Amino acid sequence: MTTKETDNELPDKKLNKDFGKYFAGEVQINHEDTDKSLEIVKPIVNEILKHINEKDGRFSRLASCVGSFWDHLKVGKADEFDMNVKLHHINTFHLQSTTGIRRRYGFDKEVTEELKKIPDDINVVPTDEEPTKFGHPEPDVGYHYLEWKSRTHDLWKESDLFMNDDLVPFLVNRLFKNLLCDAILTINGTLKPGVNVQKTSRVRGPATAIKITSPDHHDILVDFSVSYECDAPWPSYIKWPHDDYKWPNKNKVAEIKCKGVHLVAKKPFYWMQSFALAERELVKDIDVDNGCRKKCHRIMKKLRDDFWCKDQTPVLTSYHLKNVLFWECHSHPEKKSWAPNMVSVRVFSMTKYLVERIDEKLNLPQYFYPEVNLFRHKHKGQLKATAKKIKDWLKEPIFN
(Lines give C-alpha, C1' and ligand atoms only; values in the text may rest on other atoms or scores of the structure.)
Protein backbone atom coordinates (compact mmCIF):
# COMPACT_ATOMS: atom_id res chain seq x y z
CA MET A 1 0.00 0.00 0.00
CA THR A 2 2.73 2.51 0.84
CA THR A 3 5.10 3.47 -1.92
CA LYS A 4 8.42 1.71 -2.36
CA GLU A 5 10.11 4.85 -3.69
CA THR A 6 11.93 5.42 -0.42
CA ASP A 7 13.80 2.11 -0.52
CA ASN A 8 16.78 3.77 -2.19
CA GLU A 9 16.71 6.96 -0.14
CA LEU A 10 19.61 7.66 2.17
CA PRO A 11 19.07 8.60 5.80
CA ASP A 12 19.29 12.29 6.58
CA LYS A 13 21.83 12.61 9.41
CA LYS A 14 20.59 16.01 10.56
CA LEU A 15 16.95 14.91 10.58
CA ASN A 16 17.85 11.71 12.39
CA LYS A 17 19.60 13.79 15.05
CA ASP A 18 16.54 16.08 15.33
CA PHE A 19 14.21 13.09 15.58
CA GLY A 20 16.47 11.55 18.22
CA LYS A 21 16.34 14.68 20.39
CA TYR A 22 12.58 14.97 19.88
CA PHE A 23 12.05 11.35 20.86
CA ALA A 24 14.19 11.60 23.99
CA GLY A 25 12.72 14.90 25.14
CA GLU A 26 9.08 14.74 24.11
CA VAL A 27 8.02 11.19 23.18
CA GLN A 28 9.37 8.75 25.75
CA ILE A 29 7.27 8.22 28.84
CA ASN A 30 8.71 8.36 32.34
CA HIS A 31 9.03 4.88 33.86
CA GLU A 32 8.48 6.08 37.42
CA ASP A 33 5.31 7.87 36.30
CA THR A 34 4.17 4.71 34.52
CA ASP A 35 4.74 2.53 37.58
CA LYS A 36 2.77 4.98 39.72
CA SER A 37 -0.13 5.03 37.24
CA LEU A 38 -0.29 1.24 37.18
CA GLU A 39 -0.14 1.11 40.97
CA ILE A 40 -3.24 3.32 41.07
CA VAL A 41 -5.19 1.85 38.16
CA LYS A 42 -4.89 -1.91 38.58
CA PRO A 43 -6.55 -2.35 42.01
CA ILE A 44 -9.36 0.06 41.14
CA VAL A 45 -10.14 -1.64 37.84
CA ASN A 46 -10.02 -5.05 39.50
CA GLU A 47 -12.49 -3.93 42.18
CA ILE A 48 -14.83 -2.38 39.61
CA LEU A 49 -14.90 -5.52 37.47
CA LYS A 50 -15.29 -7.73 40.52
CA HIS A 51 -18.29 -5.68 41.67
CA ILE A 52 -19.90 -5.74 38.21
CA ASN A 53 -19.37 -9.49 37.88
CA GLU A 54 -20.94 -10.13 41.28
CA LYS A 55 -23.98 -8.07 40.28
CA ASP A 56 -24.28 -9.62 36.82
CA GLY A 57 -22.24 -12.70 35.94
CA ARG A 58 -22.64 -12.10 32.22
CA PHE A 59 -19.77 -9.61 32.48
CA SER A 60 -16.42 -11.25 33.23
CA ARG A 61 -14.17 -9.89 35.95
CA LEU A 62 -11.28 -10.42 33.53
CA ALA A 63 -10.57 -7.71 30.97
CA SER A 64 -8.35 -7.73 27.91
CA CYS A 65 -5.78 -4.94 27.98
CA VAL A 66 -5.75 -3.23 24.59
CA GLY A 67 -4.59 0.07 23.14
CA SER A 68 -1.43 2.16 22.97
CA PHE A 69 -0.20 1.79 26.53
CA TRP A 70 -0.24 -2.00 26.56
CA ASP A 71 1.29 -2.11 23.06
CA HIS A 72 4.15 0.12 24.32
CA LEU A 73 3.15 2.77 21.79
CA LYS A 74 2.07 5.45 24.26
CA VAL A 75 3.62 8.91 24.15
CA GLY A 76 3.84 11.44 26.95
CA LYS A 77 2.30 10.47 30.29
CA ALA A 78 0.76 7.12 31.24
CA ASP A 79 -2.65 8.76 31.66
CA GLU A 80 -4.95 6.63 29.49
CA PHE A 81 -5.73 2.91 29.64
CA ASP A 82 -8.08 0.82 27.49
CA MET A 83 -9.89 -2.30 28.70
CA ASN A 84 -12.17 -4.71 26.87
CA VAL A 85 -14.68 -6.26 29.29
CA LYS A 86 -15.56 -9.71 28.02
CA LEU A 87 -19.05 -11.13 27.96
CA HIS A 88 -19.07 -14.33 30.00
CA HIS A 89 -20.72 -17.76 29.85
CA ILE A 90 -21.54 -17.60 26.17
CA ASN A 91 -21.94 -20.74 24.10
CA THR A 92 -22.10 -20.32 20.33
CA PHE A 93 -23.35 -17.26 18.54
CA HIS A 94 -24.37 -17.14 14.93
CA LEU A 95 -22.43 -14.24 13.45
CA GLN A 96 -24.91 -12.75 11.02
CA SER A 97 -23.36 -10.77 8.20
CA THR A 98 -24.72 -7.28 7.72
CA THR A 99 -25.75 -8.24 4.21
CA GLY A 100 -29.09 -9.91 3.59
CA ILE A 101 -32.17 -9.37 5.70
CA ARG A 102 -32.22 -6.02 7.44
CA ARG A 103 -33.33 -6.07 11.07
CA ARG A 104 -36.26 -3.84 12.04
CA TYR A 105 -36.81 -4.86 15.67
CA GLY A 106 -40.33 -3.52 15.44
CA PHE A 107 -39.20 0.03 14.63
CA ASP A 108 -40.91 -0.26 11.22
CA LYS A 109 -44.24 0.11 12.99
CA GLU A 110 -46.04 3.40 13.50
CA VAL A 111 -44.47 5.63 16.17
CA THR A 112 -45.75 4.51 19.56
CA GLU A 113 -45.01 5.10 23.19
CA GLU A 114 -42.60 2.16 23.06
CA LEU A 115 -40.52 3.88 20.37
CA LYS A 116 -40.34 7.02 22.50
CA LYS A 117 -38.51 5.02 25.18
CA ILE A 118 -35.53 4.47 22.90
CA PRO A 119 -32.50 6.52 24.13
CA ASP A 120 -31.98 9.86 22.42
CA ASP A 121 -28.56 8.96 21.04
CA ILE A 122 -29.92 6.10 18.94
CA ASN A 123 -30.56 7.03 15.34
CA VAL A 124 -34.02 5.87 14.29
CA VAL A 125 -34.75 6.98 10.73
CA PRO A 126 -37.55 6.71 8.17
CA THR A 127 -37.22 3.58 6.04
CA ASP A 128 -36.71 3.84 2.29
CA GLU A 129 -39.61 1.52 1.61
CA GLU A 130 -42.18 3.31 3.75
CA PRO A 131 -41.15 6.83 4.77
CA THR A 132 -43.90 7.02 7.39
CA LYS A 133 -42.45 4.02 9.23
CA PHE A 134 -39.16 3.66 11.04
CA GLY A 135 -36.08 1.47 11.05
CA HIS A 136 -32.40 2.18 11.63
CA PRO A 137 -29.49 2.98 9.29
CA GLU A 138 -27.87 0.31 7.18
CA PRO A 139 -24.62 -0.93 8.80
CA ASP A 140 -21.14 -0.25 7.48
CA VAL A 141 -18.70 -2.88 6.31
CA GLY A 142 -17.13 -4.57 9.33
CA TYR A 143 -20.27 -4.57 11.51
CA HIS A 144 -22.40 -7.55 12.42
CA TYR A 145 -25.50 -8.77 14.18
CA LEU A 146 -25.11 -11.36 16.91
CA GLU A 147 -27.90 -13.88 16.64
CA TRP A 148 -28.25 -16.33 19.53
CA LYS A 149 -31.24 -18.67 19.41
CA SER A 150 -30.13 -21.36 21.86
CA ARG A 151 -29.32 -19.71 25.20
CA THR A 152 -28.65 -22.61 27.54
CA HIS A 153 -26.80 -20.95 30.42
CA ASP A 154 -29.07 -19.77 33.23
CA LEU A 155 -27.51 -16.29 33.20
CA TRP A 156 -28.52 -15.74 29.59
CA LYS A 157 -32.11 -17.00 29.68
CA GLU A 158 -33.41 -13.52 30.42
CA SER A 159 -34.33 -11.52 27.32
CA ASP A 160 -33.39 -8.09 28.72
CA LEU A 161 -30.44 -7.67 26.33
CA PHE A 162 -32.11 -9.12 23.24
CA MET A 163 -34.37 -7.99 20.46
CA ASN A 164 -35.81 -11.02 18.75
CA ASP A 165 -32.83 -13.39 19.02
CA ASP A 166 -30.12 -10.75 18.56
CA LEU A 167 -27.88 -9.55 21.37
CA VAL A 168 -28.20 -5.77 20.99
CA PRO A 169 -25.20 -3.54 21.78
CA PHE A 170 -27.07 -0.52 23.14
CA LEU A 171 -28.90 -2.71 25.65
CA VAL A 172 -25.61 -4.30 26.71
CA ASN A 173 -23.89 -0.92 27.04
CA ARG A 174 -26.78 0.61 28.96
CA LEU A 175 -26.70 -2.20 31.51
CA PHE A 176 -22.90 -2.05 31.79
CA LYS A 177 -22.94 1.72 32.39
CA ASN A 178 -25.52 1.33 35.16
CA LEU A 179 -23.45 -1.40 36.82
CA LEU A 180 -20.31 0.71 36.44
CA CYS A 181 -21.93 3.68 38.16
CA ASP A 182 -23.04 1.42 41.00
CA ALA A 183 -19.51 0.00 41.31
CA ILE A 184 -18.05 3.52 41.48
CA LEU A 185 -20.37 4.49 44.31
CA THR A 186 -19.38 1.36 46.20
CA ILE A 187 -15.60 1.56 45.85
CA ASN A 188 -15.23 5.32 46.38
CA GLY A 189 -15.83 4.80 50.06
CA THR A 190 -13.00 2.29 50.30
CA LEU A 191 -10.21 4.25 48.55
CA LYS A 192 -7.30 6.13 50.12
CA PRO A 193 -8.02 9.72 51.21
CA GLY A 194 -8.04 12.04 48.21
CA VAL A 195 -8.43 9.27 45.61
CA ASN A 196 -11.70 9.50 43.70
CA VAL A 197 -13.31 7.70 40.75
CA GLN A 198 -16.02 9.21 38.59
CA LYS A 199 -17.69 8.37 35.30
CA THR A 200 -16.85 10.96 32.65
CA SER A 201 -18.92 12.34 29.81
CA ARG A 202 -16.08 11.83 27.36
CA VAL A 203 -17.27 10.12 24.19
CA ARG A 204 -14.62 7.93 22.61
CA GLY A 205 -16.09 5.38 20.24
CA PRO A 206 -17.89 2.59 22.06
CA ALA A 207 -16.05 3.11 25.33
CA THR A 208 -17.39 4.16 28.72
CA ALA A 209 -14.76 6.23 30.50
CA ILE A 210 -13.91 6.79 34.14
CA LYS A 211 -11.52 9.35 35.59
CA ILE A 212 -9.32 8.55 38.57
CA THR A 213 -8.00 11.51 40.55
CA SER A 214 -5.27 11.27 43.15
CA PRO A 215 -3.67 14.01 45.29
CA ASP A 216 -0.10 13.03 44.41
CA HIS A 217 -0.53 12.04 40.75
CA HIS A 218 -2.04 13.31 37.50
CA ASP A 219 -5.56 12.33 36.47
CA ILE A 220 -5.95 8.96 34.75
CA LEU A 221 -8.66 7.97 32.26
CA VAL A 222 -9.73 4.35 31.82
CA ASP A 223 -11.93 3.40 28.87
CA PHE A 224 -14.09 0.28 29.15
CA SER A 225 -15.57 -1.38 26.07
CA VAL A 226 -17.79 -4.45 26.19
CA SER A 227 -16.68 -7.16 23.79
CA TYR A 228 -17.41 -10.69 22.67
CA GLU A 229 -14.24 -12.64 21.94
CA CYS A 230 -15.03 -15.17 19.24
CA ASP A 231 -13.68 -18.69 19.73
CA ALA A 232 -14.30 -19.46 16.06
CA PRO A 233 -11.43 -19.84 13.57
CA TRP A 234 -10.18 -16.82 11.69
CA PRO A 235 -13.14 -15.75 9.49
CA SER A 236 -12.83 -16.93 5.91
CA TYR A 237 -14.07 -13.63 4.51
CA ILE A 238 -11.03 -11.81 5.97
CA LYS A 239 -8.36 -12.46 3.35
CA TRP A 240 -5.27 -11.96 5.44
CA PRO A 241 -2.31 -12.18 5.09
CA HIS A 242 -2.35 -10.18 1.89
CA ASP A 243 -1.22 -11.55 -1.46
CA ASP A 244 2.54 -11.88 -1.94
CA TYR A 245 3.20 -10.83 1.64
CA LYS A 246 6.71 -10.92 3.10
CA TRP A 247 5.75 -9.47 6.48
CA PRO A 248 5.03 -10.72 9.05
CA ASN A 249 6.62 -14.18 8.90
CA LYS A 250 4.53 -17.36 8.74
CA ASN A 251 4.94 -18.19 12.43
CA LYS A 252 3.66 -14.76 13.41
CA VAL A 253 0.74 -15.11 11.01
CA ALA A 254 -0.25 -18.37 12.71
CA GLU A 255 0.01 -16.79 16.18
CA ILE A 256 -2.14 -13.84 15.10
CA LYS A 257 -4.81 -16.02 13.55
CA CYS A 258 -5.07 -17.93 16.84
CA LYS A 259 -6.02 -14.64 18.53
CA GLY A 260 -8.99 -14.36 16.21
CA VAL A 261 -11.40 -11.49 15.75
CA HIS A 262 -13.61 -10.14 18.49
CA LEU A 263 -16.67 -7.93 18.44
CA VAL A 264 -17.16 -4.68 20.33
CA ALA A 265 -20.53 -3.19 21.32
CA LYS A 266 -20.06 0.03 19.37
CA LYS A 267 -23.07 0.96 17.27
CA PRO A 268 -26.52 0.78 18.88
CA PHE A 269 -27.60 -2.30 16.90
CA TYR A 270 -24.39 -3.61 15.33
CA TRP A 271 -21.24 -5.17 16.75
CA MET A 272 -17.99 -3.86 15.32
CA GLN A 273 -15.38 -6.41 14.40
CA SER A 274 -12.12 -5.60 16.15
CA PHE A 275 -8.57 -6.80 15.62
CA ALA A 276 -7.26 -5.39 18.90
CA LEU A 277 -5.87 -8.70 20.16
CA ALA A 278 -4.42 -9.58 16.75
CA GLU A 279 -2.83 -6.13 16.53
CA ARG A 280 -1.34 -6.48 19.97
CA GLU A 281 0.23 -9.79 18.95
CA LEU A 282 1.58 -8.20 15.77
CA VAL A 283 3.12 -5.28 17.67
CA LYS A 284 4.44 -7.35 20.58
CA ASP A 285 7.83 -8.19 19.09
CA ILE A 286 7.68 -6.05 15.98
CA ASP A 287 11.21 -4.75 16.66
CA VAL A 288 12.78 -8.07 17.58
CA ASP A 289 15.40 -7.29 14.90
CA ASN A 290 16.36 -4.09 16.78
CA GLY A 291 14.38 -2.03 14.28
CA CYS A 292 12.83 1.41 14.70
CA ARG A 293 9.17 0.65 13.92
CA LYS A 294 7.70 1.55 17.30
CA LYS A 295 9.95 4.59 17.57
CA CYS A 296 8.78 5.92 14.18
CA HIS A 297 5.14 5.35 15.07
CA ARG A 298 5.45 7.11 18.41
CA ILE A 299 7.23 10.06 16.80
CA MET A 300 4.34 10.42 14.35
CA LYS A 301 1.80 10.36 17.20
CA LYS A 302 3.66 13.16 18.94
CA LEU A 303 4.00 15.16 15.72
CA ARG A 304 0.24 14.85 15.31
CA ASP A 305 -0.34 16.21 18.81
CA ASP A 306 2.28 18.98 18.65
CA PHE A 307 1.95 20.23 15.07
CA TRP A 308 -0.52 18.53 12.73
CA CYS A 309 -3.60 18.59 14.98
CA LYS A 310 -2.53 21.07 17.63
CA ASP A 311 -5.27 22.95 19.52
CA GLN A 312 -8.04 20.75 18.18
CA THR A 313 -9.59 17.37 18.69
CA PRO A 314 -7.38 15.24 16.42
CA VAL A 315 -9.17 14.10 13.29
CA LEU A 316 -6.27 11.64 12.94
CA THR A 317 -6.43 8.99 15.65
CA SER A 318 -3.75 6.73 17.06
CA TYR A 319 -5.52 3.88 15.28
CA HIS A 320 -5.11 5.61 11.92
CA LEU A 321 -1.38 5.95 12.54
CA LYS A 322 -1.07 2.36 13.72
CA ASN A 323 -2.55 1.13 10.44
CA VAL A 324 -0.19 3.40 8.52
CA LEU A 325 2.66 1.67 10.36
CA PHE A 326 1.32 -1.77 9.44
CA TRP A 327 1.06 -0.84 5.75
CA GLU A 328 4.60 0.56 5.83
CA CYS A 329 5.85 -2.73 7.30
CA HIS A 330 3.96 -4.60 4.59
CA SER A 331 5.54 -2.49 1.83
CA HIS A 332 9.00 -2.42 3.41
CA PRO A 333 9.50 -5.84 5.02
CA GLU A 334 13.30 -5.84 4.85
CA LYS A 335 15.25 -5.49 8.07
CA LYS A 336 17.52 -2.86 6.51
CA SER A 337 14.52 -0.59 5.88
CA TRP A 338 13.98 -0.33 9.63
CA ALA A 339 17.57 -0.01 10.80
CA PRO A 340 18.03 2.59 13.59
CA ASN A 341 19.49 5.10 11.14
CA MET A 342 16.39 4.91 8.92
CA VAL A 343 14.07 6.84 11.23
CA SER A 344 13.94 9.94 9.01
CA VAL A 345 13.26 7.86 5.88
CA ARG A 346 10.48 5.84 7.45
CA VAL A 347 8.76 8.77 9.18
CA PHE A 348 8.74 10.77 5.97
CA SER A 349 7.56 7.79 3.94
CA MET A 350 4.63 7.11 6.29
CA THR A 351 3.75 10.80 6.49
CA LYS A 352 3.65 11.14 2.70
CA TYR A 353 1.50 8.02 2.47
CA LEU A 354 -0.92 9.48 5.01
CA VAL A 355 -1.22 12.70 2.99
CA GLU A 356 -1.75 10.69 -0.19
CA ARG A 357 -4.58 8.68 1.37
CA ILE A 358 -6.30 11.94 2.36
CA ASP A 359 -5.67 14.00 -0.78
CA GLU A 360 -6.19 11.36 -3.43
CA LYS A 361 -8.49 8.80 -1.88
CA LEU A 362 -10.08 9.98 1.37
CA ASN A 363 -9.65 6.32 2.16
CA LEU A 364 -7.31 4.72 4.66
CA PRO A 365 -7.83 0.95 4.45
CA GLN A 366 -7.73 -1.07 7.63
CA TYR A 367 -4.67 -3.30 7.55
CA PHE A 368 -6.36 -6.59 8.42
CA TYR A 369 -9.58 -5.90 6.49
CA PRO A 370 -8.96 -3.32 3.72
CA GLU A 371 -12.65 -3.19 2.80
CA VAL A 372 -13.04 -0.96 5.86
CA ASN A 373 -12.20 2.70 5.19
CA LEU A 374 -10.93 4.17 8.47
CA PHE A 375 -11.72 7.69 7.25
CA ARG A 376 -15.36 6.89 6.42
CA HIS A 377 -16.85 8.80 9.37
CA LYS A 378 -14.29 11.59 9.53
CA HIS A 379 -15.07 15.15 8.49
CA LYS A 380 -13.64 15.67 4.98
CA GLY A 381 -12.87 19.33 5.52
CA GLN A 382 -10.96 18.62 8.73
CA LEU A 383 -8.99 15.85 7.03
CA LYS A 384 -8.07 18.13 4.13
CA ALA A 385 -7.05 20.93 6.51
CA THR A 386 -4.90 18.51 8.48
CA ALA A 387 -3.29 17.22 5.28
CA LYS A 388 -2.32 20.80 4.41
CA LYS A 389 -0.66 21.24 7.83
CA ILE A 390 1.23 17.98 7.33
CA LYS A 391 2.45 19.06 3.89
CA ASP A 392 3.63 22.38 5.33
CA TRP A 393 5.50 20.47 8.03
CA LEU A 394 7.11 18.19 5.42
CA LYS A 395 8.44 21.26 3.57
CA GLU A 396 9.97 22.64 6.76
CA PRO A 397 10.14 20.08 9.61
CA ILE A 398 10.06 21.73 13.02
CA PHE A 399 10.32 20.12 16.45
CA ASN A 400 9.62 22.94 18.90
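Owing to the predicted nature of the structure, the values given are computational and were not obtained by experimental measurement.

This paragraph deals with the overall build of the protein. Scanning the protein from N- to C-terminus turns up ten helices and 13 strands. For the protein, restricting intrachain contacts to residue pairs at least 6 apart in sequence, the fraction spanning at least 24 positions comes to 68%. As displayed, the protein offers around 19,900 Å² of accessible surface, 49% of which is attributable to carbon and sulfur atoms.

Next up on the list: the environment of Phe-162. Summarising the element assignment, Phe-162 is placed in strand 7 (residues 162–163). By relative accessible area, which is 8% here, Phe-162 ends up buried. Measuring from C-alpha to C-alpha, the distance between Phe-162 and Trp-148 comes to 9.0 Å, with 14 residues separating the pair along the chain. Once residues lying within four places of it in the same chain are set aside, the contact partners of Phe-162 are Trp-148, Arg-151, Trp-156, Leu-167, Val-168 and Leu-171.

Take the pattern of salt bridges next. As enumerated under the stated definition, the model contains 20 salt bridges in all. Across the pair Asp-289 and Arg-293 runs a salt bridge whose closest N-O atoms are separated by 2.8 Å. Each of the salt bridges in this network shares a partner with another, and the network as a whole consists of Lys-252, Glu-255, Glu-281, Lys-284 and Asp-285.

Glancing now at the packing of aromatic side chains. Note on aromatic pairs: each is described by the distance of the centres and the angle between the planes. Within the structure shown, the criterion is met by 28 aromatic pairs. Consider the rings of Tyr-367 and Phe-368, whose centres lie 5.0 Å apart with planes at 70 degrees: the pair is edge-to-face. Ring pairing ties together the aromatic residues Trp-234, Trp-240, Trp-247, Phe-275, Phe-326, Trp-327, Tyr-367 and Phe-368, which thus form one cluster. Across from the ring centre of Trp-156, 5.4 Å away, lies the NZ or CZ of Arg-58, which sits over that ring.

Next up on the list: the side chain of His-217. Inspection of the secondary structure assignment puts His-217 in strand 11 (residues 217–229). Note on His-217: relative accessible area 12%, which makes it buried. In terms of polar contacts, His-217 uses its side chain to reach the side chain of His-218, at 3.3 Å. Residue contacts for His-217: discarding those within four places in its chain leaves Asp-33, Lys-36, Ser-37 and Ile-40.

Mean pLDDT over the protein works out to 86, with 84% of the residues at or above the 70 mark. Confidence, read as mean pLDDT per element, is least for strand 4 (residues 125–126) in the protein (44) and greatest for helix 8 (residues 318–331) (97). Across residues 120–134 the pLDDT falls below 50, and counting only partners more than four positions away or on other chains, this stretch makes 34 contacts in the model.

Once that is clear, we can look at the packing of helix 1 (residues 13–27) against helix 9 (residues 343–361). The N-to-C vectors of helix 1 and helix 9 enclose an angle of 85 degrees; their axes lie 8 Å apart at closest approach. Between helix 1 and helix 9, the interaxial angle falls into the category roughly perpendicular. Here Leu-15, Asn-16 and Phe-19 of helix 1 lie close against helix 9, whose contacting residues are Val-343, Ser-344, Val-347 and Phe-348.

Omega for the bond connecting Trp-240 with Pro-241 falls within 30 degrees of zero, at 5 degrees, which places this linkage in the cis form. Considering the arrangement of structural elements, one finds Pro-241 in the loop between strand 11 and helix 5 (250–259). A cis amide bond, omega -5 degrees, links Trp-247 with the succeeding residue Pro-248. Within the secondary structure, Pro-248 is located in the loop between strand 11 and helix 5. Even without being a glycine, His-72 presents a positive backbone phi close to 60 degrees. Here His-72 is to be found in the loop between strand 1 (59–66) and strand 2 (80–87). Look at His-72 and you get exposed, because its relative accessible area is 57%.

Calculation rules
- Every chain begins its residue count from 1, and numbering advances along the sequence as written.
- For this predicted model, a pLDDT threshold of at least 70 governs which residues receive local features, and a threshold of 80 or more governs which side-chain atom pairs are given and counted, while totals over whole chains, interfaces and linings are taken from all residues.
- Each side-chain value is derived from all of the structure's non-hydrogen atoms; neither hydrogens nor water enter the calculation.
- Helix and strand definitions follow DSSP, with helices as H or I runs of at least four residues and strands as E runs of at least two, each counted in order from the N terminus.
- Contact between two residues is taken to exist if any of their heavy atoms lie within 4.5 Å; hydrogens are not considered.
- Areas reported as accessible are Shrake-Rupley estimates using a 1.4 Å probe. Residue values count occlusion only from the protein chains shown.
- Only protein chains enter the accessibility calculation, which uses a 1.4 Å probe; a residue is then buried when its area is under 20% of its type maximum, exposed when over 50%, and partly exposed in between.
- Put simply, a salt bridge is a Lys or Arg side-chain nitrogen that is within 4 Å of an Asp or Glu carboxyl oxygen.
- Under the pairing criterion, centres of Phe, Tyr and Trp rings, with the six-membered ring standing for Trp, must be within 6.5 Å; the plane angle then separates stacked pairs below 30 degrees from edge-to-face pairs above 60, leaving the rest tilted.
- In this scheme, the term charge over a ring applies when either NZ of a lysine or CZ of an arginine sits within 6 Å of the ring centre and within 35 degrees of the ring normal.
- Here a polar contact is recorded for every N or O atom pair within 3.5 Å, except that within protein the pair must consist of a potential hydrogen donor and a potential acceptor, and residues adjacent in sequence are included only if both atoms are side-chain atoms.
- As a per-residue quantity, pLDDT reports the predictor's confidence and falls between 0 and 100.
- Working convention: axes come from line fits to C-alpha atoms, limited for helices to the stretch in contact. Angles between N-to-C directions cover 0 to 180 degrees.
- Here roughly perpendicular refers to angles of 65 to 115 degrees, roughly parallel to angles under 35, roughly antiparallel to angles over 145, and oblique to all remaining angles.

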